[in-house]
Amino acid sequence: MSVKVEFEGLDRALIMMERLAKIREKLGYRVLYKESKELERLVKFFCPVFEGYLSDESRRGALKRSIRRRRMSNNRVVIEVGGPEAPYARIVEHGARAHRIPRSGYKFMMFMKGDEWIIAKRVWHPGYPGRHFIQKAFEVFVERMYRIYREEIDAAIDYSTR
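None of these values were measured; they are calculated from a predicted model.

A. Layout of unusual backbone geometry. Residues other than glycine seldom take positive phi values, yet H132 does so here, at roughly 55°. Relative to the elements of secondary structure, H132 occurs in the loop between β6 (123–125) and α4 (133–160). Judged by relative accessible area, H132 falls into the partly exposed class, the value being 29%.

B. Up close: the pattern of salt bridges. Summed over the entire model, instances satisfying the criterion amount to five salt bridges. Between R69 and E40 there is a salt bridge; the shortest N-O distance is 3.7 Å. Of this pair, R69 sits in strand β1 (residues 68–72) while E40 sits in helix α1 (residues 10–46), and the two are 29 residues apart along the sequence. E80 is the salt-bridge partner of R70, the closest N and O atoms lying 2.9 Å from each other. With a gap of ten residues between them, R70 in strand β1 and E80 in strand β2 (residues 76–80) connect regions that are remote in the sequence.

C. Spatial organisation of a positive patch on the surface. A cluster of basic residues, R100, R103, K107, K121 and R122, forms a positive patch on the protein surface. Along the chain, K121 turns up in the loop between β5 (116–120) and β6.

D. Expanded view of the side chain of S66. Of note, S66 is situated in the loop between α2 (62–65) and β1. The exposure class assigned to S66 is buried, which follows from its relative accessible area of 0%. Aside from chain neighbours lying at most four places away, what touches S66 is E80, V81, G82, E85 and A86.

What counts, and where the lines are drawn
- Residues numbered from 1 in each chain as written.
- Predicted model: local features only at pLDDT ≥ 70, side-chain atom pairs only at ≥ 80, totals over all residues.
- Heavy atoms only, no water.
- Helix = DSSP H or I, 4+ residues; strand = E, 2+ residues; numbered from the N terminus.
- Buried < 20%, exposed > 50% of the residue type's maximum accessible area, 1.4 Å probe, protein only.
- Salt bridge = Lys/Arg side-chain N within 4 Å of Asp/Glu carboxyl O.
- Patch = residues over 30% accessible without salt bridge, like charges linked within 9 Å, V, L, I, M, F, W, Y side chains within 5 Å.
- Areas by Shrake-Rupley, 256 points an atom, 1.4 Å probe, with all protein chains shown as cover.
- Lys, Arg positive; Asp, Glu negative; His and termini not counted.
- Charge placed at Lys NZ, Arg CZ, Asp CG, Glu CD.
- Contact = heavy atoms within 4.5 Å.

Following this line, the structure appears as structure tokens:
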């Protein structure tokens, strides 16, 4: 006993699969670049702005101003945070462990605690938990990206099967 199976239209199916792969590649980059502007906006939205006693107009919002979007080769878009104008971006995102701050070239350090000035030879920094603003923005972005990417791929599949 033998079984014979014939497939008709297999060539058309292979052509459709190749076409879908090309569409997916093009849509992926187009959606990524279009949505990277939204990611940049979300990172700026979640970015904290320090408004304490040391905050003057020249430094206020430096971290938020340092956020930039760059188009790279190989279907990549990079959102840069920090740089020379805000080198503390990593600490704001991830936090810092408790540590001793030694004096640097001076006999004493002076800082304000509450309403009074403190003078000390060395200071113990209690640490900083971090704000995780990039992580929050990325989580919101991934949810939105998944929803939009799924809708565009479904639309491309519908279009290519016509």
